[in-house]
Amino acid sequence: MIHYTILPEELIFFDSNHQKRPEQKEVVIDGVQMVIQLENASEATIVRILSPNPDHYLDPRFQPGNKVQLFPKI
Amino acid sequence: MMNEEYAAEQPKPAEEELAKKATAVQAIQQLGAANVPQLESNIFCLNVIGQIEGHLVMPPQNKTTKYEHVIPQIVAAEQNPKVEGVVIILNTVGGDVEAGLAIAEMIATMSKPTVSIVLGGGHSIGVPIAVAADTSFIAETATMTIHPVRLTGLVIGVPQTFEYLEKMQDRVIRFVARHSNITEEKFRELMFRTGELARDIGTNVIGRDAVEYGLIDRVGGISDALGELNNKIKAKKGELLQ
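Since this is a predicted model, take the numbers as computed values, not measurements.

Definitions and cut-offs
Residues numbered from 1 in each chain as written. Chains lettered and ligands numbered in written order. Predicted model: local features only at pLDDT ≥ 70, side-chain atom pairs only at ≥ 80, totals over all residues. Heavy atoms only, no water. Helix = DSSP H or I, 4+ residues; strand = E, 2+ residues; numbered from the N terminus. Buried < 20%, exposed > 50% of the residue type's maximum accessible area, 1.4 Å probe, protein only. Contact = heavy atoms within 4.5 Å. Areas by Shrake-Rupley, 256 points an atom, 1.4 Å probe, with all protein chains shown as cover. Axes fitted to C-alpha atoms, helices over the stretch in contact; angles between N-to-C directions. Parallel < 35°, antiparallel > 145°, perpendicular 65-115°, else oblique. Left-handed = near helix turned anticlockwise from the far one by under 90°. Nonpolar A, V, L, I, M, F, W, Y, C, P; charged D, E, K, R; others polar. Expected span 1.5 Å × (residues − 1). Arc of directions from axis to C-beta. Pairing = 2+ DSSP bridges. pLDDT = per-residue confidence, 0-100. Salt bridge = Lys/Arg side-chain N within 4 Å of Asp/Glu carboxyl O. Core = buried A, V, L, I, M, F, W, Y, C linked by side-chain atoms within 4.5 Å.

(A) Representation of the overall build of chain B within the structure. Along chain B, the regular secondary structure elements total 9 helices and 9 strands. Residues counted as buried form 46% of the 242 residues belonging to chain B. Taking contacts inside chain B between residues at least 6 apart in sequence as the whole, the part at least 24 apart equals 68%. Accessible surface, chain B as shown: approximately 12400 Å² in total, 56% of it carbon and sulfur.

(B) A look at the packing of helix H4 (residues 97-108) of chain B against helix H6 (residues 159-179) of chain B. All names here are of chain B. Interaxial distance between H4 and H6 falls to 11 Å at its minimum, and their mutual angle equals 20 degrees. When the interaxial angle is binned, H4 and H6 end up roughly parallel. Between H4 and H6 lies a crossing whose hand is left-handed. Contact residues: Val97, Glu98, Leu101, Ala104, Glu105 and Ala108 in H4; Arg171, Val172, Phe175, Arg178 and His179 in H6. Of the residues belonging to the contact of H4 with H6, the class tally is 6 nonpolar, 1 polar and 4 charged.

(C) Quick peek at helix H9 (residues 222-241) of chain B. Residues and elements named next belong to chain B. Taking 1.5 Å per residue as the helical rise, H9 with its 20 residues ought to reach 28 Å, and the 29 Å between its terminal C-alpha atoms agrees with that figure. Along H9, the residues classified as buried are Ala225, Glu228, Leu229 and Ile233. Angular distribution of buried residues about the axis of H9 spans 140 degrees; they occupy a single face of the element. Of the residues in H9, the exposed ones pointing more than 90 degrees away from the buried face are Ser223, Lys234 and Leu241.

(D) Spotlight on unusual backbone geometry. Positioned with a positive phi, aspartate 30 of chain A is a non-glycine residue whose angle comes to about 50 degrees. Assignment of secondary structure puts aspartate 30 of chain A in the loop between strand E2 (24-29) and strand E3 (32-40). The phi dihedral of serine 124 of chain B falls on the positive side, at around 50 degrees, and the residue is not glycine.

(E) Looking closely at the pairing of strand E4 (residues 43-49) of chain A. Strand direction decides the pairing type here: E3 of chain A and E4 of chain A, joined by 6 bridges, are antiparallel. Across the sheet, residue glutamine 37 of chain A finds its bridge partner in E4 of chain A, namely threonine 45 of chain A.

(F) Local environment of the confidence of the model for chain A. Scored by pLDDT, chain A comes out at a mean of 85, with 96% of its residues at no less than 70. Mean pLDDT across the elements of chain A ranges from a minimum in strand E5 (residues 67-73) of chain A, with 79, to a maximum in E4 of chain A, with 91.

(G) Focus on the pattern of salt bridges. Residues and elements named next belong to chain B. Under the counting rule described, the total for this entry stands at 17 salt bridges over all chains. A salt bridge links arginine 174 to aspartate 170; its shortest N-O distance comes to 3.9 Å. Note that arginine 174 and aspartate 170 are positioned in helix H6 at a spacing of 4 residues, about one turn of the helix. Exposure remark for arginine 174: the relative accessible area of 44% places this residue in the partly exposed category. Here arginine 188 and aspartate 170 are joined by a salt bridge, their closest N and O atoms 2.9 Å apart. Taken together, the positions of arginine 188 in helix H7 (residues 184-191) and aspartate 170 in helix H6 put the pair 18 residues apart, joining distant regions of the chain. In this structure arginine 188 comes out as partly exposed when scored by relative accessible area, which is 25%. The network of salt bridges with common partners includes Asp170, Arg174, Glu184 and Arg188.

(H) Layout of the environment of alanine 130 of chain B. Residue and element names in this part refer to chain B. Looking at where alanine 130 falls in the secondary structure, it is placed in helix H5 (residues 126-132). On the basis of relative accessible area, alanine 130 is assigned to the buried category, the value being 0%. Between the C-alpha atoms of alanine 130 and methionine 144, which are 14 residues apart in sequence, the distance is 9.8 Å. Residue contacts for alanine 130: discarding those within four places in its chain leaves Leu90, Ser116, Val118, Ser136, Met144 and Ile216.

(I) Looking closely at the nonpolar core. Membership of the largest hydrophobic core comes to 49 residues, with the highest contact counts inside it found for Ile88, Ile107, Met144, Phe187 and Leu215 of chain B. Looking at this core, the elements with two or more residues in it are strand E2 (43-53), helix H3 (67-79), strand E4 (85-96), H4, H5, strand E7 (143-146), H6 and H7 of chain B. Once you skip the residues sitting within four places of it in the chain, isoleucine 88 of chain B turns out to touch Leu46, Val48, Ile107, Thr114, Val115, Ser116, Ile117, Ile129 and Ala133 of chain B. Membership of the second largest hydrophobic core comes to 12 residues, among which are Ile29, Val32, Met34 and Ile36 of chain A.

(J) Structural view of the packing of H6 of chain B against H7 of chain B. Residue and element names in this part refer to chain B. The N-to-C vectors of H6 and H7 enclose an angle of 125 degrees; their axes lie 9 Å apart at closest approach. The orientation of H6 relative to H7 falls into the category oblique. Relative to H7, the crossing made by H6 is right-handed. Two secondary-structure elements touch here, H6 through Glu166, Gln169, Asp170, Ile173, Arg174, Val176 and Ala177 and H7 through Glu184, Phe187, Arg188 and Met191.

This is how it looks when you write it as C-alpha cells:
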C-alpha cells in the first residue's frame with residue numbers, strides 16, 4: 001500500500017495522545033448515516049453526519065453535538 | 001453490531017418484519033423522535049476530508065474519508081433517479097493511492113453531471129479526485145501540493161524498486177493529464193520542481209495558479225460550483241427532451 005500524502009508518516013500512524021478515546025459508532029438513524037459517541041447505555045452524542053444528502057445537514061435533530069436518546073424497542 | 005441494529009430500522013419487506021416479530025423479544029434501539037418526512041435533494045454532496053483511507057484503518061487521531069463509504073455512495077448516486085448532479089467538496093491531505101484513484105475513476109466515469117470544488121487544500125492524491133469531475137473549481141485561497149510518490153517502510157535499493165515507484169507515479173500523472181488541461185510533461189515538472197517546498201520537492205499551487213497551469217478549470221466558490229452544476233443538470237434535461 002502506498003500513501004500519497006503531504007502528512008509525514010509519524011503523524012498519521014503514531015498516536016501521541018495515548019489516552020483512551022470515547023467509543024464511537026457508525027449508525028443509521030431515520031435514514032441518516034452518522035457517527036455517534038456513546039455517553040451511556042441510553043444516550044449518545046452526534047459527532048459527525050456522513051450522509052451525502054445535503055438536506056440532512058439542515059435537519060435540526062441531527063446537528064453535531066446533539067444528544068440522541070436510544071431506547072430498546074421490543 | 002449496533003450498526004446492524006440501527007440498520008434494522010430501515011424499511012424491510014413485510015414478511016421479513018413478520019419473521020422478526022415471530023422471533024420475538026429482540027431488543028432493538030431507535031431514536032426517540034417522531035418520524036419527519038425525508039427531505040429530498042437532487043444534488044448529491046460528496047465530502048472528501050482529511051486522509052483518504054484505503055486498505056488500512058487509520059489510527060483515531062486521523063480524520064478520514066473511507067473508501068467503503070464513498071464507493072457505494074457513488075454507485076447509489078449513479079443509480080438513483082432522484083440524484084441529478086454530484087458536487088464533490090475537497091479538503092484533503094491525500095492518502096491511499098489505490099483508494100484515491102478508485103474514487104477518482106468512479107467520479108470520472110459517472111454519467112451524471114459532476115462538479116468538484118477544492119477548498120482549503122486538495123493535496124497529493126486529492127489532485128486526481130479534483131480533476132476527475134466534469135468541471136473543477138478551486139477557491140482563491142485553496143492550495144494543492146503536487147509532489148512525488150514515496151515508498152515508506154522497508155525499501156530495497158534495487159532498480160526494480162525505482163521502476164515500481166515510477167509506475168505508481170505514472171498512474172497518478174496519466175490520470176491527471178487525461179482529465180485536466182495540464183500536459184503530462186508539465187505535471188511531471190511541477191512534481192519534481194526544486195526550491196518551492198521547504199522540506200520536499202514539488203510545487204504548491206494556489207488558487208489562480210492551478211487554473212493557469214490547466215490543472216483546474218475555474219477559480220470560484222460554492223455559488224459558482226452549484227450554479228455550474230445546475231446549468232449542467234438543465235442542459236442534460238434539455239438533451240433528454242429533444
